[in-house]
Amino acid sequence: MDTHGCEVLLFCSDQHTASVSGFMGDPIVRTPNLDRLAREGVVFDNAYTSCPLCAPARASLMTGRIPSKMEMFNNACDYRSSEITFAHLTALAGYDSVLIGRMHFNGMDFHHGFTRRVGQDITGSYWGYSAQIRPDLGDFARGMNQKGCLELIGSGDTPIREYDRKVVADALGYLSRDYERPQMVVVGTYGPHFPYVADAERMEHYRDALRKAYREERASFPVETLNRKIQYADAGDVIELRAAYYALVEEMDEQLGQIYTAFQRYLERNRRRGIFVYLSDHGDQIGYKQLYGKQTFFERSAKIPLVFAGCGLTPGRIHESVSILDLAPTLCRLTGAPDFPDADGSSLLPLLQGVRQPGRYAVSEFYDVLDQQCCVGRMIHQNGKKLICYEETTEHDMLFDTDRDPDELENLAGSSPELCHHLRELLMGSGVAPDRQQAMWACLDRHRLLTQLGKQHPEWNPFTYTASQAVRKADRACKRPKRS
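Below is a summary of the structure that appears in this document. (Residues numbered from 1 in each chain as written. Predicted model: local features only at pLDDT ≥ 70, side-chain atom pairs only at ≥ 80, totals over all residues. Heavy atoms only, no water.)

Section: the packing of aromatic side chains
Then comes step 1: By the definition in use, this model includes 20 aromatic pairs.
Then comes step 2: For the ring pair Tyr 163 and Tyr 465, a centre distance of 5.3 Å and an interplane angle of 65° mean the geometry is edge-to-face. Pair noted here: Tyr 163 is in helix H4 (residues 159-175) and Tyr 465 is in the segment after helix H12 (437-456), with a separation of 302 residues, a long-range link.
Then comes step 3: A relative accessible area of 1% means that Tyr 163 is categorised as buried.
Then comes step 4: Judged by its relative accessible area of 13%, Tyr 465 falls in the buried class. (Phe/Tyr/Trp six-rings, centres within 6.5 Å; stacked < 30°, edge-to-face > 60°. Helix = DSSP H or I, 4+ residues; strand = E, 2+ residues; numbered from the N terminus. Buried < 20%, exposed > 50% of the residue type's maximum accessible area, 1.4 Å probe, protein only.)

Shown next, in the form of structure tokens:
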């Protein structure tokens, strides 16, 4: 595979659970463009996020580094401008590094190495500009965070859908022009992130099939931080929100198809070669195990879709465990950019070239606050086995065979102590395990002050998209589910 001189377009959605894709085996969802991309390219069947939360995961995407090493503990955090990103390195290699749309940067660095930025982000680009204080988001603000995601379910237009249409239009406009320098383009959308509100016609298509597939669950977990995340909704509301989520995935797939076609036309017009990459930052539980959104290490939250296509790649599927941490080193290798000085991830180029790496593993972390106490969760996945641990004890371990038990119904920790020990040893040596709780508290204290300042100065958000008046009020079909 010769990638010398290849241009790259990376399409990054937000909160797309890998299993809700036709190419990953979902029999209900309509994703013809992703399925085509998967047929023509290389699919990573076991790709995982470094943190099941937007900003930390995207920091890893940009830098190849474990989030907590950069003091990226939650969505309020930012990382230093001196952190090297793939945008810096590909620019050094002579590329235009271009961001179109979303990447969830916080603070005063709105570029992090991108030489050009087109459009804005939908989340606040400066500290303190959260959804709860933004009048432009209207009724939809309460449905854009995990705690309030069940308060708005139904059909209608939303600021998220409007924003993604704008991002796609900006991307199509950019790709319609020609450029002297080779291009490294990142297109970031917000769908299928909640609120669970989507196109009525698409939702109607999914209701019956999702109703037939629905099974009631009653969840209980060995750790309180997970039990606190359980939310209660009746069967009708769960089916409705899943119909909305599937409709949002279908809409995102349609947008991806438009971008992919425009990128191919751009390459053909300029007689250039390119690689198209699709991934998401994390997934969404959409009610499975009575959990919604992210912030867990279960498959629907932590596993991400990842597909490469183009530039002489041989189509196929790769079973090895890989990570969002691996994207930045891979993009540098594909473009001939300098290597990262201190990345935790490693290039996927050998796997893309057909070299097997059965010992590979993926790690993930999440720093949670429970009753004013820090609760650290960590995960490792290798050869189809996943270990989830909280704190430093073994009594709360959860071990799953994700190949045979993708719904993670059987905890094998008690019957496989040697495998648990092996995976824990790998985890402890991976760089994800050192205790950074003190750094987390210091980081949160700093950001409380910055948040207060940001609330006083909303004008310091030059890269924050402002939703139009037309989509600020929830459609009448939206509802607040009854709680049991």
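Section: the state of the cysteines
Then comes step 1: In total, this model carries one disulfide according to the counting rule given.
Then comes step 2: Not part of a disulfide, Cys 54 finds its nearest cysteine sulfur in Cys 12, a span of 9.3 Å.
Then comes step 3: Looking at Cys 54, the relative accessible area reads 2%, which means it is buried. (Disulfide = S-S within 2.5 Å.)

Digging into the packing of H4 against helix H7 (residues 235-270)
Then comes step 1: Running from N to C, H4 and H7 cross one another at 10°; their axes reach a closest spacing of 9 Å. Here H4 is positioned roughly parallel relative to H7, judged by the angle of their axes. Mapping the contact onto sequence places Arg 161, Asp 164, Arg 165, Val 168, Ala 171, Leu 172 and Leu 175 in H4 and Leu 248, Glu 251, Gln 255, Gln 258, Ile 259, Ala 262, Phe 263, Tyr 266 and Arg 269 in H7.
Then comes step 2: Considering only residue class, the contact of H4 with H7 consists of nine nonpolar, two polar and five charged. (Axes fitted to C-alpha atoms, helices over the stretch in contact; angles between N-to-C directions. Parallel < 35°, antiparallel > 145°, perpendicular 65-115°, else oblique. Contact = heavy atoms within 4.5 Å. Nonpolar A, V, L, I, M, F, W, Y, C, P; charged D, E, K, R; others polar.)

A word on the environment of Gly 354
Then comes step 1: Mapping Gly 354 onto the fold places it in the loop between helix H10 (349-352) and strand S12 (362-370).
Then comes step 2: By relative accessible area, Gly 354 is classed as partly exposed at 47%.

Here we look at H12
Then comes step 1: For H12, which comprises 20 residues, the first-to-last C-alpha distance of 29 Å matches the rise-based estimate of 28 Å (1.5 Å per residue) to within 8%.
Then comes step 2: Those residues of H12 lying buried are Met 440, Cys 443, Leu 444, His 447 and Gly 454. Seen from one end, H12 has its buried residues packed into an arc of 100°, which puts them on one side. Of the residues in H12, the exposed ones pointing more than 90 degrees away from the buried face are Gln 438, Leu 449 and Gln 456.
Then comes step 3: Tucked inside the fold, the buried residues of H12 contact S12 and strand S13 (373-382). (Expected span 1.5 Å × (residues − 1). Arc of directions from axis to C-beta.)

With respect to the pattern of salt bridges
Then comes step 1: Summed over the entire model, instances satisfying the criterion amount to 43 salt bridges.
Then comes step 2: Arg 272 is the partner of Glu 7 in a salt bridge, and the nearest nitrogen-oxygen pair spans 2.8 Å. On the criterion of sequence distance, the pair formed by Glu 7 in strand S1 (residues 7-13) and Arg 272 in the loop between H7 and strand S8 (274-280) is long-range, its members being 265 residues apart.
Then comes step 3: Among the residues examined, Glu 7 registers a relative accessible area of 2% and is labelled buried.
Then comes step 4: A residue is classified by how much of its surface remains accessible, and Arg 272, at 25% relative accessible area, is partly exposed.
Then comes step 5: Two residues, Asp 157 and Arg 165, come together in a salt bridge whose shortest N-O distance is 2.8 Å.
Then comes step 6: On the accessibility criterion, Asp 157 (31% relative accessible area) is partly exposed. (Salt bridge = Lys/Arg side-chain N within 4 Å of Asp/Glu carboxyl O.)

Here's the deal with the sheet that holds S12
Then comes step 1: Read from one edge of the open sheet, four strands run S12-S13-S14-S15, paired in antiparallel fashion. Unpaired on one side and paired on the other, S12 and strand S15 (398-401) mark the two borders of the sheet. With direction set aside, neighbouring strand axes in the sheet form an average angle of 15°.
Then comes step 2: Sheet topology places S13 next to strand S14 (residues 385-390); six bridges connect them, and they run antiparallel. In the sheet register, Gln 382 faces S14, and the bridge partner there is Lys 385.
Then comes step 3: Strands in contact with helix H11 (residues 417-428) are S12, S13, S14 and S15; relative to S13, the strand with the most contacts, it is inclined by about 110°. (Pairing = 2+ DSSP bridges.)

With respect to the nonpolar core
In a soluble, globular protein the nonpolar side chains are often hidden away together inside.
Then comes step 1: The biggest cluster of nonpolar side chains holds 64 residues, and the ones touching the most others in it are Tyr 196 and Phe 276.
Then comes step 2: When residues in this core are grouped by element, the largest group, 18 residues, is from H7.
Then comes step 3: Those residues in contact with Tyr 196, other than ones at most four positions away along the chain, are Cys 149, Leu 152, Ile 153, Gly 154, Leu 241, Ala 244, Tyr 245, Asp 284, Ile 286, Tyr 292 and Gly 293.
Then comes step 4: Phe 86, Phe 114, Ala 328 and Leu 349 belong to the second largest nonpolar core, which has 54 residues in total. (Core = buried A, V, L, I, M, F, W, Y, C linked by side-chain atoms within 4.5 Å.)

With respect to the packing of helix H5 (residues 200-213) against H7
A pair of packed helices is captured by two measures, namely the crossing angle of their axes and the spacing between those axes.
Then comes step 1: Viewed as axis vectors pointing N to C, H5 and H7 meet at an angle of 130°, and their least axial separation amounts to 8 Å. The angle between H5 and H7 falls in the class oblique. Seen from above, H5 lies across H7 with right-handed handedness. Here Arg 202, Met 203, Tyr 206, Arg 207, Leu 210 and Arg 211 of H5 come into contact with H7, specifically with Ile 239, Glu 240, Arg 242, Ala 243, Ala 244, Tyr 246, Ala 247, Glu 250, Glu 251 and Glu 254.
Then comes step 2: When the residues that make up the contact of H5 with H7 are grouped by side-chain class, the tally is eight nonpolar, no polar and eight charged. (Left-handed = near helix turned anticlockwise from the far one by under 90°.)

Considering the pairing of S8
Then comes step 1: Most of S8 is tucked away, with seven of its seven residues classed as buried.
Then comes step 2: Burial along S8 is two-sided: Gly 274, Phe 276, Tyr 278 and Ser 280 and Ile 275, Val 277 and Leu 279, pointing in opposite directions, are all buried.
Then comes step 3: Where S1 lies against S8, seven bridges are found, and the strand directions are parallel. By the bridge assignment, Leu 9 is partnered in S8 with Phe 276.
Then comes step 4: Where S8 meets strand S10 (residues 306-310), five bridges bridge the pair, whose relative direction is antiparallel. Its bridge partner being in S10, Tyr 278 is matched across the sheet by Val 307.

Focus on the side chain of Thr 90
Then comes step 1: Note on placement: Thr 90 falls in helix H3 (residues 86-92).
Then comes step 2: Once you skip the residues sitting within four places of it in the chain, Thr 90 turns out to touch Tyr 95, Ser 97, Met 184, Thr 335 and Ala 337.

Taken by themselves, the reported measurements are silent on function.
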